[in-house]
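Coordinate analysis (summary)
Below are the chains, spelled out letter by letter.
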Amino acid sequence: MKIAAIIKDSQLSLLLESFFSKYQFPFERYTLELFEAGIQDSEKSKDEMPLAKEQIPYILIIDWQSLREHTYDGKPTFKILNPFVKIIVLYANEDTARILNLVNEYRIFKIVPLPLNEEIMNRYIKEALHEVHESLQFQKSLYITKKHNKDLTQFAMFLEEKISERTHLLRNAKQEWERTFDAIIDPLAILDENYQILRANRAYSLLTKIPIKEITHKICHEILFQQDHPCKNCNMANSLKTGGSLTSELTHTQTSGNSHYRMWSFPLSDAGTTQKKMVVCYYKNVTDEISLHKKLLQTEKLASFGIFAGSIAHEINNPIGSILAFAQILKRKIKPEENFYEFIDDIEKSAWRCKNITDSMLTLARTPSKLSQSLVDIVEIVDESIEQVSVLAENQVIAFIKNFPREPILVLGDKQLLQQVFFNIAKNAAQAMIPVQNGKIQTVVQTQNETVFVKIIDNGVGMDKATLDQIFDPFFSTKPKGIGTGLGLTLCFRIIENHKGNIEVHSKKDEGSQFIISLPIAPSVAPSDQR
């Protein structure tokens, strides 16, 4: 590290040269202006790490005479800005008071009295060198710390930018996943092994009528089907055990009828993790599909039976006609009090019963194109049918409740056949009331869009599932032997089908039955006028 010397006195200058040589201190003669310029040059790059370069003098030894020449009115006319520079002033005793006044102005490190004491001078220079070295090391550490802080700040800003970018990407991915999840029109949920909902889509929320934000952590079967136990046939637990996807058929029993769902279970594998086991459950409402399937089977069955029944009925009608004719002729020739009259009367009644059966079979075989169709008022037809049944059931305690609109509802159809349908269903409802006290038959006629619905609801004995699956089959009957033909509801199904309508039945054992007959409203009549 270089030492600068600014000495006016030539003898003192030679003395210092000898001193520097003796103690091997590198030094160089300067003027104060040159020294100040060199120090200021070293300050130009303040952002660079300070180094104890050999060409930069950090220690200045100056005599009082030189210092006094750069002082005006007790103030220095130059300023050394570099804080590391240590100034040592050589002075005579008579100048002590004036030097002390300038110590603070010049930031003088040491003052050395003359004549020069080499031991003191040597010690002061070493102290100065040590302090400069310590200051430079401290400044170096400070610079490195600042640089590290700057680097850390830049790195933190970089990380923050990356985190912000990644967060944005994750947020977009989450929103895209949620949009995809909610775009599925069928209910979908992620469950844990305890049937607890971890995530559900909007369709699931709409089905359960629970807001999407409140559905998490609820139990699936409790909110989906209002049950306190897992659904019958649910394969979610088995799917977790086997690790494979499984399909289940679920039935939700309601007062308005059963809803059928097909559920697929897809386990989410988390091998090697401590996360809880999860299953994706996808539900599809297949009520209409099952209903349509049953209707198609029933239609195929009736179509096959109709072809068979049509050909048989035509063949049977001729001999039955002859039996009826001969029985009526015999009844005219035999008096009622004779022994054979009663037998002939039974033959006639049986023949008529056979003819009614063959007529029903012919109705089954009849195609829609052969129907006698016209605009008829469905309200009037249903009202007349219920009135006829109420007359037949006058000996029973049955309350007939009607809920009809005042305005007529026109449909295109055969009035006689439609009346046969409503009469038959209402009569069956009345017969289901025989073992019931305080029976009630409620008939409701209402419209929705371009369809009229007729509901006949009773609180009779109801039907179990096995009976419900067969009620439209030909010759199936729950009535005692000899009562009814077993073709009544079969005919009803066929007639409504030929009128482009539909029949739905909901029933439970000992809880009554509900028949829902739907028919298209005549095109010339606006649906809004039918309410």
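Residues numbered from 1 in each chain as written. Predicted model: local features only at pLDDT ≥ 70, side-chain atom pairs only at ≥ 80, totals over all residues. Heavy atoms only, no water.

Here we look at the packing of helix α1 (residues 10-23) against helix α5 (residues 118-183)
So the rule is basically this: Interaxial angles span 0 to 180 degrees and are taken between N-to-C directions of axes, which are lines fitted to C-alpha atoms, for helices over the stretch in contact. Under the DSSP-based scheme used, a helix requires at least four consecutive residues in state H or I and a strand at least two consecutive residues in state E, with every element numbered from the N terminus. Handedness of a crossing follows from how the near helix is turned relative to the far one, being left-handed for an anticlockwise turn of less than a right angle and right-handed for a clockwise one. Contacts: residue pairs with any heavy atoms within 4.5 Å of one another. Gly counts as polar in this scheme, as do all residues outside two lists: the nonpolar Ala, Val, Leu, Ile, Met, Phe, Trp, Tyr, Cys and Pro, and the charged Asp, Glu, Lys and Arg.
For the pair α1 and α5, the least separation of the axes is 11 Å and the interaxial angle reads 65 degrees. The handedness of the crossing between α1 and α5 is right-handed. From α1, Leu16, Phe19, Phe20, Lys22 and Tyr23 reach across to α5, where they touch Glu118, Met121, Asn122 and Ile125. Of the residues contributing to the contact of α1 with α5, the split by class is six nonpolar, one polar and two charged.

Remarks on the confidence of the model for the chain
Put simply, the test is: The predictor attaches a confidence to each residue, and that confidence, scored 0 to 100, is pLDDT.
In the predicted model, the chain carries a mean pLDDT of 80, and 80% of its residues have values of at least 70. Ranking the elements of the chain by mean pLDDT puts helix α2 (residues 32-41) last, at 61, and strand β17 (residues 451-458) first, at 93. Across residues 526-531, confidence stays below pLDDT 50; counting only partners more than four residues off in sequence or on other chains, it has 15 contacts.

Quick notes on empty space enclosed by the protein
We apply this condition: Only protein atoms enter the 1 Å grid used here. Points where a 1.4 Å probe fits but cannot escape make up a cavity, open sets with protein on both sides within 12 Å along at least five of seven lines make up a pocket, and a residue lines them when an atom lies within 4 Å of a point. Grid points are joined across faces, edges and corners, and a volume is the space filled by probe spheres set on the points.
On inspection of all chains with the given rule, the structure shows two cavities of 30 Å³ or more. The space that makes up the largest cavity amounts to roughly 60 Å³. Residue lining of the largest cavity: 13 residues in total, with Cys220, Cys231, Cys234, Met263 and Tyr283 positioned closest to the centre. Elements with a minimum of two residues in the lining of the largest cavity: α7 (220-224) and β12 (278-285). For the lining of the largest cavity, the element with the highest residue contribution is α7, accounting for three residues. Ala5, Ile7, Ser13, Leu16, Glu17, Phe20, Phe27 and Arg29 are the residues that line the second largest cavity. Elements with a contribution of two residues or more to the lining of the second largest cavity: α1 and β2 (27-29). Counting residues per element, the lining of the second largest cavity draws most heavily on α1, which supplies four residues. Class assignment for the residues of the lining of the second largest cavity results in five nonpolar, one polar and two charged.

So, the side chain of asparagine 424
Spelled out, the test is: Accessibility here uses a 1.4 Å probe with only protein chains present; expressed as a share of the type maximum, an area under 20% marks a residue as buried, one over 50% as exposed, and anything in between as partly exposed.
Its place among the elements puts asparagine 424 in helix α12 (residues 415-431). According to the relative accessible area criterion, asparagine 424 is buried, its value standing at 12%. If sequence neighbours within four positions are ignored, asparagine 424 has contacts with Gly488, Leu489 and Cys492.

Details of the sheet that holds β17
We count it as follows: Strand pairing requires that DSSP identify at least two bridges connecting the strands.
Within the open sheet, the five strands sit side by side as β14-β16-β17-β19-β18. Their pairing is mixed. This sheet does not close on itself; its edge strands, each paired only once, are β14 (398-403) and β18 (502-508). Neighbour-to-neighbour, the strand axes of the sheet open up by a mean angle of 10 degrees, direction not taken into account. For strand β16 (residues 439-448) and β17, the ladder comprises eight bridges, and the chain directions are antiparallel. Looking across to β17, one finds that glutamine 448 is bridged to threonine 451. Along the sheet, helix α11 (residues 378-392) makes contact with β14, β16, β17 and β19 (512-520), crossing β14 at roughly 175 degrees. The strands touched by α12 within the sheet are β14, β16, β17 and β19, with β17 carrying the most contacts at an inclination of about 25 degrees.

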